[in-house]
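Architecture and fold: a report
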Amino acid sequence: GVSKRFGSNEVLKNVSLSLEAQEIRAICGENGAGKSTLVKIITGMHRADDGAVLIDGAPTAITSPQHAQELGIALVAQELSLPPALSVLDNIWLGNREVPLFHRRRALRDRAREALQKVGLGDLALDIPVAQLSIGQRQLVELARMLTRDARVFILDEPTATLSDVEIERIFSALKALKSEGKSVIYITHRLGEVFQVCDTVTVLRNGELVGTRRT
């Protein structure tokens with residue numbers, strides 16, 4: 001029952017959806033349908049004016065993106081957040097609240113390598129700058145970063161908009177691997193072919209309202 005207003009403009013109107021473990025859920029709708037606002041509420045960037053977010057059945061006030069991270073909610077935004085001058089390794093651990101001031105570099109390398117393996121980049125050099133990677137590889141590094149944070153829910157916003165077919169297949173393989181490990185995915189896209197290819201269910205929004213949720 002989530003609603004959100006900005007001034008007199010109601011951008012979400014009593015929207016409800018539920019996400020299960022091992023589910024890839026597409027969220028579709030035109031620009032302005034409310035998709036991004038819904039994601040910002042789930043990730044703690046906005047607070048809902050009405051309604052509630054429940055995690056494992058318990059109402060949970062998600063107060064900030066850092067709080068969302070602690071709850072296991074991870075966003076891979078369309079505008080990638082990887083500083084290109086930093087290495088793959090440093091990007092994976094950048095902003096992770098678990099890394100202490102004095103840390104064991106070898107342990108971080110091992111965990112980064114394990115995360116990259118899961119998203120199909122097991123042979124990627126950890127010390128090269130992200131600037132040398134393709135856009136598709138950067139998307140996968142973003143996913144690996146979220147895996148090191150023990151995320152349970154991955155939210156991808158238009159992840160394939162600028163990717164080649166080979167890179168898109170890598171993204172899909174990574175999502176299927178996450179699903180097999182019990183993770184959940186919210187997948188925002190305008191490409192309906194991708195909905196049928198990779199998603200279990202689809203939720204449609206129109207003008208801030210829920211049209212419906214169906215099995216793909």
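Everything below is about the structure shown above.
The structure contained in this document is the topic of the report that follows. (Residues numbered from 1 in each chain as written. Predicted model: local features only at pLDDT ≥ 70, side-chain atom pairs only at ≥ 80, totals over all residues. Heavy atoms only, no water.)

1. Things to note about the overall build of the chain
Test applied: Put simply, DSSP marks the helices as runs of H or I at least four residues long and the strands as runs of E at least two long, and each gets a number from the N terminus on. The reference for a compact globule is 2.2 Å times residues^0.38; the radius of gyration itself is calculated from the C-alpha atoms. Buried residues are those whose accessible area, probed at 1.4 Å on protein chains only, stays under 20% of the maximum for their type, while exposed residues exceed 50% and partly exposed ones sit between those limits. Contacts are assigned to residue pairs with any non-hydrogen atoms lying within 4.5 Å of each other. Here the Shrake-Rupley method, with its probe set to 1.4 Å, supplies the accessible areas, and only the displayed protein chains count as covering residues.
Looking only at helices and strands, the chain has seven helices and ten strands in total. A globule of 216 residues ought to have a C-alpha radius of gyration of about 17 Å, and the chain, at 17 Å, matches this closely. Within the chain, the proportion of its 216 residues that are buried is 46%. Across the chain, every contact between residues at least 6 apart in sequence was considered, and the portion connecting residues at least 24 apart equals 66%. Looking at the chain as shown, the accessible area adds up to about 10,900 Å², and 49% of this sits on carbon and sulfur atoms.

2. What about the pattern of salt bridges?
Where we set the bar: Whenever a carboxyl oxygen of Asp or Glu lies within 4 Å of a side-chain nitrogen of Lys or Arg, that contact is scored as a salt bridge.
This structure, assessed with the given rule, holds eleven salt bridges. In this structure, Asp56 and Arg152 form a salt bridge, with 3.0 Å as the shortest nitrogen-oxygen distance. Of this pair, Asp56 sits in the loop between strand E4 (54–55) and strand E5 (58–59) while Arg152 sits in the loop between helix H5 (135–148) and strand E7 (153–157), and the two are 96 residues apart along the sequence. For the salt bridge of Lys179 with Asp200, the shortest nitrogen-to-oxygen distance reads 2.8 Å. Of the two residues, Lys179 sits in helix H6 (residues 165–180) while Asp200 sits in the loop between helix H7 (192–198) and strand E9 (201–206), which places them 21 residues apart along the sequence. A relative accessible area of 17% places Asp200 in the buried class. It is possible to trace a salt-bridge network through shared partners that takes in Arg5, Glu10 and Asp50.

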